[in-house]
Amino acid sequence: MPLSEKSREILMRVSTATLTTIMFKRGFRNVFLQGLKPLNPQACRFVGPAFTLRYIPAREDLDPMSAFEDPRHPQRVAIEECPAGHVLVMDSRGDASAASSGNLLVTRLWKRGGAAVVTDGGFRDSPEIADMAFPAWHTRPSAPTNLIRHHAVDLQLPIACAGVSVYPGDIMVADEEGIVCIPQHLAEEVAQESIGQTMYEDWVNEKILAGSALPGLYPLLNPALQAEYADWQSRERHRYA
């Protein structure tokens, strides 16, 4: 089931720290993509379903420069077929010794309405990509063309990206801290739970700033504090609607 617009709006406001806590409560320990950075920190947030592209190591007889002349080249097909609102997620095996993509392809994805592009490798033309108002995440800049190290092999199959299993349609959420992958079938309920979790964490922060100690507050075990929080919730819930 596609993510509702209401849930997408909620997830755009929720921190990835909150989401990893909610996922841990459900038994998911490995949902945060490690080691990735946004090229433009001012345009790093996104929410959208994953559209996946997988690279394997390049082979000299299969990956000459002329490989790009084939309109069926999976990298180019991914750019042209990734649906609007989706996140192109690339499995580059954590190898940034050659680029996963570059400025021209990222620009095309952006103008087609893509929500973001993510790789556990690197981008070439990184200064130009960093100037875009478009979320692009990688490990580090990499000028060499992808054919030197990467063979684009398939689309819309489960991949590994930055140590996390990503299935087509999984909901990818990014903030200034990083990227979380939420299995598609859990995304709606995680979005709803994140409202309550965010409210609680905001209240706890207010209490700590006012001088409160952690015992009984975080986690919330003190009956008097529980009653105080319930009263605060009733007064402040409208802010989180």
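Residues numbered from 1 in each chain as written. Predicted model: local features only at pLDDT ≥ 70, side-chain atom pairs only at ≥ 80, totals over all residues. Heavy atoms only, no water.

### With respect to the packing of helix α2 (residues 16-25) against helix α6 (residues 187-209)
Here comes step 1: Two numbers describe how α2 lies on α6: the axes approach to 10 Å, and their chain directions differ by 115°. As α2 packs across α6, the resulting crossing turns out to be right-handed. Judged by residue contacts, Thr18, Leu19, Thr21, Ile22, Met23 and Lys25 of α2 engage Val190, Glu193, Ser194, Gln197, Thr198 and Glu201 from α6.
Here comes step 2: Its residues placed into classes, the contact of α2 with α6 shows 4 nonpolar, 5 polar and 3 charged. (Axes fitted to C-alpha atoms, helices over the stretch in contact; angles between N-to-C directions. Helix = DSSP H or I, 4+ residues; strand = E, 2+ residues; numbered from the N terminus. Left-handed = near helix turned anticlockwise from the far one by under 90°. Contact = heavy atoms within 4.5 Å. Nonpolar A, V, L, I, M, F, W, Y, C, P; charged D, E, K, R; others polar.)

### Things to note about the pairing of strand β12 (residues 171-174)
Here comes step 1: Taking every second residue as pointing to the same face, both faces of β12 are buried, with Ile171 and Val173 on one and Met172 and Ala174 on the other.
Here comes step 2: With 4 bridges connecting them, strand β3 (residues 46-57) and β12 associate as antiparallel partners. Counterpart to glycine 48 in the pairing with β12 is methionine 172.
Here comes step 3: One ladder, built from 4 bridges, connects β12 with strand β13 (residues 179-182); its direction is antiparallel. Paired with alanine 174 across the bridge in β13 is isoleucine 179.
Here comes step 4: Taking the residues between adjacent antiparallel strands as the criterion, β12 and β13 are bridged by 4 residues, where glycine 178 takes a positive phi near 160°. (Buried < 20%, exposed > 50% of the residue type's maximum accessible area, 1.4 Å probe, protein only. Pairing = 2+ DSSP bridges.)

### Some thoughts on the environment of glutamate 193
Here comes step 1: Turning to its location among the elements, glutamate 193 is positioned in helix α6.
Here comes step 2: Sequence separation of glutamate 193 and threonine 18 is 175 residues, and the distance between their C-alpha atoms is 9.9 Å.
Here comes step 3: Setting aside residues up to four positions removed in sequence, glutamate 193 forms contacts with Ile22, Lys25 and Arg26.

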